[in-house]
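Survey of secondary and tertiary structure
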Amino acid sequence: MTDADQDQGQPLVAHLTELRDRLLRIVLAVLVCTVGLMPFANTIYSFVAEPLRRYLPEGTSMIATEIASTFLTPFKLVLVSAFCMAMPVILHQIWQFVAPGMYRHEKRIAAPLLASSVILFYAGLAFAYYVVFPLVFGFFSGITPEGVNYTPDIARFLDTALKLFLAFGIAFEIPIATVLLIASGVTTANDLAEKRPYVIIGCFVFGMLLTPPDVISQALLAVPMWLLFEVGIVFGRLVKKKQAEQAPD
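Scoring rules and cut-offs
- Residues numbered from 1 in each chain as written.
- Predicted model: local features only at pLDDT ≥ 70, side-chain atom pairs only at ≥ 80, totals over all residues.
- Heavy atoms only, no water.
- Helix = DSSP H or I, 4+ residues; strand = E, 2+ residues; numbered from the N terminus.
- Buried < 20%, exposed > 50% of the residue type's maximum accessible area, 1.4 Å probe, protein only.
- Contact = heavy atoms within 4.5 Å.
- Salt bridge = Lys/Arg side-chain N within 4 Å of Asp/Glu carboxyl O.
- Phe/Tyr/Trp six-rings, centres within 6.5 Å; stacked < 30°, edge-to-face > 60°.
- pLDDT = per-residue confidence, 0-100.
- Axes fitted to C-alpha atoms, helices over the stretch in contact; angles between N-to-C directions.
- Parallel < 35°, antiparallel > 145°, perpendicular 65-115°, else oblique.
- Nonpolar A, V, L, I, M, F, W, Y, C, P; charged D, E, K, R; others polar.
- 1 Å grid on protein atoms, 1.4 Å probe; cavity = no way out; pocket = protein on both sides within 12 Å on 5 of 7 lines; lining within 4 Å.
- Points joined across faces, edges and corners; volume = space filled by probe spheres on them.
- Patch = residues over 30% accessible without salt bridge, like charges linked within 9 Å, V, L, I, M, F, W, Y side chains within 5 Å.
- Areas by Shrake-Rupley, 256 points an atom, 1.4 Å probe, with all protein chains shown as cover.
- Expected span 1.5 Å × (residues − 1).

Here's the deal with the overall build of the chain
- Each helix and strand in the chain was counted, giving 11 helices and 0 strands.
- In the chain, the order of α-helices and β-strands from amino to carboxyl end is α-α-α-α-α-α-α-α-α-α-α.
- Buried residues in the chain amount to 38% of all 249 residues.
- In the chain, 82% of the contacts between residues at least 6 apart in sequence involve partners at least 24 apart.

Examining the pattern of salt bridges
- Applying the stated rule across the entire model yields 6 salt bridges.
- Its salt-bridge partner being Arg54, residue Glu50 comes within 4.0 Å of it at the nearest N-O pair.
- The exposure class of Arg54 is partly exposed, given its relative accessible area of 48%.
- A salt bridge links Lys76 to Asp159; its shortest N-O distance comes to 2.9 Å. Of this pair, Lys76 sits in helix α4 (residues 69–85) while Asp159 sits in helix α7 (residues 154–171), and the two are 83 residues apart along the sequence.
- Under the relative-accessibility criterion, Asp159 is labelled partly exposed at 34%.
- The network of salt bridges with common partners includes Glu50, Arg53 and Arg54.

Things to note about the packing of aromatic side chains
- Overall, the coordinates contain 12 aromatic pairs when judged by the stated rule.
- Each ring, one from Phe47 and one from Tyr129, has its centre 4.7 Å from the other, and the planes form 20 degrees; the classification is stacked. With Phe47 in helix α3 (residues 41–53) and Tyr129 in helix α6 (residues 104–142), this residue pair connects regions lying 82 residues apart in the sequence.
- Exposure remark for Tyr129: the relative accessible area of 8% places this residue in the buried category.
- Ring geometry for Phe139 and Phe140: centres 5.6 Å apart, planes at 55 degrees, overall tilted.
- With relative accessibility at 31%, the residue Phe139 sits in the partly exposed group.
- Clustering of aromatic rings is evident, with ring pairs tying together Tyr45, Phe47, Tyr129, Tyr130, Phe133, Phe137, Phe157 and Phe165.

Comments concerning the confidence of the model for the chain
- Summing up the model confidence of the chain, the mean pLDDT is 84 and the portion of residues at 70 or higher is 91%.
- Segment residues 1–9 is flagged for pLDDT under 50; beyond a separation of four residues in sequence, or across chains, it makes 2 contacts in the model.

Here's the deal with the packing of helix α2 (residues 12–37) against helix α5 (residues 87–98)
- At their nearest, the axes of α2 and α5 sit 9 Å apart, and the two run at 170 degrees to each other. The pairing of α2 with α5 is recorded here as roughly antiparallel in orientation. Between α2 and α5, the residues in contact are His15, Glu18, Leu19, Arg22, Arg25, Ile26, Ala29 and Val30 and Val89, Ile90, Gln93, Gln96 and Phe97, respectively.
- Of the residues belonging to the contact of α2 with α5, the class tally is 7 nonpolar, 3 polar and 3 charged.

Things to note about the layout of surface pockets
- Put simply, the largest pocket is a space of about 640 Å³.
- Along its surface, the largest pocket is lined by 26 residues, and Val80, Ser81, Cys84, Leu125 and Phe165 are the ones closest to its centre.
- Secondary-structure elements contributing two or more residues to the lining of the largest pocket are α3, α4, α5, α6 and α7.
- Of the residues forming the lining of the largest pocket, the biggest block, 8 residues, is contributed by α6.
- Each residue belonging to the lining of the largest pocket can be placed in one class, and the counts come to 22 nonpolar, 3 polar and 1 charged.

A short note on a nonpolar patch on the surface
- The grouping of Ile201, Val205, Phe206, Met208 and Leu209 at the surface amounts to a nonpolar patch, some 500 Å² of accessible area in total.
- Topologically, Ile201 is positioned in helix α10 (residues 196–210).
- By relative accessible area, which is 55% here, Ile201 ends up exposed.

Let's talk about α5
- End to end, α5 covers 17 Å across 12 residues, agreeing with the expected 16 Å (1.5 Å per residue, within 8%).
- Residues of α5 that are buried: Met87, Ile90, Leu91, Gln93 and Trp95.

Below, the structure written as structure tokens:
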């Protein structure tokens, strides 16, 4: 069957209908996760805030400066947590929508990359929580001037935490982006390796833009981004080698 026949069999209306169904399933998955997590909203917030509360001065606690913060802040975290929990479903729906239009060799590459992207995203969140949070919040707590009570606002803390989560979740996708660039022929592993100095500078620039204004968090984002870039080059070479071996088939 030619591409024209496939397009005739799947008119625009059918594609839009399928897109609507996929989006509804994504929304439903997020809603189900949200409803399931709502009873644990305060527990989830306490878990996320633990790296900060650990460094608060003895006898102090976090504060809420707005009337509705005690409800809206944990609820906001629940929505973000629900989206992260539903990520496998979201990516699966995206995959089911785009897969019919891909060639067989493209599917062989895309399926492992899709699974790897989910794992790397969660790894980025875990790295932010277990490595970055203690160092960053310990640093801020340790430089508090004498006579100043260090009592962070819960809403402001969540904004900072979500910013760090997002930054590291995206940063850990660098190997996927690198492999895709190499596998698609946009560039080569050797070309990327030659641009390593510019990539390192770019990592530190992004670290400066995406993290709080302190050297520790910037370096903690920039260095893993560079290392993940190197990992992407290694796997990109392997994928390209495998493509070359399968080319005669």
